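These are the residues of each chain, in order.
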Amino acid sequence: MNIIKLDATPSTNDFLKALLTKQFVENFTVVTTENQTSGRGQMGSVWEVESGKNLTFSVLVKDSLLEIHAIFHLNVLVAVSLSEVLEQLKIPYVAIKWPNDILADNKKISGILIENSLKSDGEIISVVGIGLNVNQKNFDNLPKASSLSVILNRELDKDAILVAIVERLKCNIALLQNKEYDLFWSKYSQKLFKKGVPMPFEDNVGVRFMGIIQGVTANGKLEVMLEDDSVKTFDIKEIQMLY
Ligand SMILES: Nc1ncnc2c1ncn2[C@@H]1O[C@H](COP(=O)(O)OP(=O)(O)OP(=O)(O)O)[C@@H](O)[C@H]1O
Ligand SMILES: O=C(O)CCCC[C@@H]1SC[C@@H]2NC(=O)N[C@@H]21
């Protein structure tokens with residue numbers, strides 16, 4: 001496995017994207033750091049971790065997606081791969097919070113940030129960034145966060161978990177290339193946080209409403225049944241779950 005280990009860097013996603021502009025980078029190259037100083041989340045949020053305790057890494061995935069309109073397949077596959085590794089580690093109550101947060105026991109333990117670019121020859125290059133809280137114990141600034149070590153009450157070997165995740169990703173991407181989409185979608189759907197449960201939401205103009213998550217569309221929108229029984233789809237900018 002080609003792993004680039006950095007003592008510190010602002011963001012492993014940014015490091016890998018910059019490397020791609022300078023040289024050939026092998027598929028599944030991993031960039032990992034002990035101290036990510038400006039970690040980015042989705043929609044401009046910040047990914048904050050204590051230095052030296054967690055996994056913050058990015059994996060290069062070349063052309064995993066067969067068609068540009070099927071871009072959400074990779075999100076599904078990465079979230080499912082992470083949840084499979086966590087289940088092997090005996091983490092209880094693993095759930096996927098749409099679009100791609102991983103929760104354990106209702107707390108966020110991992111976030112995924114996938115950044116895609118389309119080359120002139122049609123090849124899609126994806127930088128798959130993963131933050132996984134491993135041995136951090138204190139989340140005073142993040143009341144909805146937790147880590148593997150808080151949950152299991154022991155220290156874990158970060159490097160072994162990193163290798164397990166990348167191996168699982170490789171293996172699952174090979175299945176995706178055989179068009180085994182349904183396998184991952186059904187696992188994603190089974191693990192979808194709050195599916196089928198009435199819960200409050202807020203839209204992008206601050207209006208609150210009750211709804212029931214039905215599933216996720218092929219292009220990654222959340223399907224919610226409203227109180228009048230109609231089903232509406234929302235993209236990430238349009239809805240927030242209040243849980
Ligand atoms: N190390 C971390 N562990 C868990 N959560 C974190 C960590 N660092 C940042 N976060 C949270 O993740 C959020 C970014 O994730 P995302 O963009 O998916 O937001 P969200 O899921 O809508 O927010 P929330 O997690 O508050 O429900 C940040 O706003 C912050 O609350
Ligand atoms: O929850 C989210 O919104 C996604 C968080 C993604 C964090 C990871 S850590 C490694 C990679 N580098 C970044 O700057 N972000 C991702």
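Residues numbered from 1 in each chain as written. Chains lettered and ligands numbered in written order. Predicted model: local features only at pLDDT ≥ 70, side-chain atom pairs only at ≥ 80, totals over all residues. Heavy atoms only, no water.

- The chain goes by Biotin-protein ligase in an unreviewed UniProt entry, where it is assigned to Flavobacterium limnosediminis JC2902.

## Points about the packing of aromatic side chains
Move 1: Counted under the stated rule, the structure contains six aromatic pairs.
Move 2: Note on Phe 72 and Trp 185: the rings are 6.0 Å apart at their centroids and 45 degrees apart in plane angle, and the pair reads as tilted. With Phe 72 in helix α2 (residues 72-88) and Trp 185 in helix α5 (residues 181-190), the pair connects residues that are 113 residues apart, well separated along the chain.
Move 3: According to the relative accessible area criterion, Phe 72 is buried, its value standing at 8%.
Move 4: One aromatic cluster is present, formed by Phe 72, Trp 185 and Tyr 188 through successive ring pairs. (Phe/Tyr/Trp six-rings, centres within 6.5 Å; stacked < 30°, edge-to-face > 60°. Helix = DSSP H or I, 4+ residues; strand = E, 2+ residues; numbered from the N terminus. Buried < 20%, exposed > 50% of the residue type's maximum accessible area, 1.4 Å probe, protein only.)

## Side note on the pairing of strand β10 (residues 198-203)
Move 1: Looking at chain direction, β10 and strand β11 (residues 208-216) are connected through five bridges and run antiparallel. The residue of β11 that forms the bridge with Pro 198 is Ile 212.
Move 2: Remark: four residues form the turn of the hairpin made by β10 and β11, two consecutive strands paired antiparallel; Gly 206 in that turn has positive phi of roughly 85 degrees. (Pairing = 2+ DSSP bridges.)

## Quick notes on the pattern of salt bridges
Move 1: Tallied over the entire structure, the rule returns twelve salt bridges.
Move 2: Glu 84 serves as the salt-bridge partner of Arg 168, at 2.8 Å between the closest nitrogen and oxygen. Of this pair, Arg 168 sits in helix α4 (residues 158-177) while Glu 84 sits in helix α2, and the two are 84 residues apart along the sequence.
Move 3: The salt bridge partner of Glu 123 is Lys 119, with a shortest N-O separation of 3.0 Å.
Move 4: The buried category is assigned to Glu 123, whose relative accessible area is 17%.
Move 5: A single network of salt bridges, built from pairs that share partners, joins Asp 14, Lys 17, Arg 40 and Glu 115. (Salt bridge = Lys/Arg side-chain N within 4 Å of Asp/Glu carboxyl O.)

## Notes on the domain arrangement of the chain
Interfaces are often sized by the amount of accessible area the parts lose when they come together.
Move 1: Partitioning the chain into domains gives domain 1 (3-190) and domain 2 (198-241).
Move 2: One C-alpha centre belongs to domain 1, the other to domain 2; they are set 25 Å apart.
Move 3: In this assembly, eight residues from domain 1 lie in contact with 13 residues from domain 2.
Move 4: Summed over both partners, the interface of domain 1 with domain 2 buries about 860 Å², with 81% contributed by carbon and sulfur atoms.
Move 5: For domain 1, the biggest contributors to the area lost against domain 2 are Met 43, Trp 98 and Trp 185; these three give 63% of the whole.
Move 6: Taken together, the connections running from domain 1 to domain 2 amount to zero salt bridges.
Move 7: Viewed at the interface, domain 2 and domain 1 are joined by one residue pair in polar contact (both at pLDDT 80 or more). (Domains from an automatic or database assignment. Contact = heavy atoms within 4.5 Å. Buried area = accessible area lost by both parts, 1.4 Å probe. Polar contact = N/O pair within 3.5 Å; in protein donor to acceptor, adjacent residues only side chain to side chain.)

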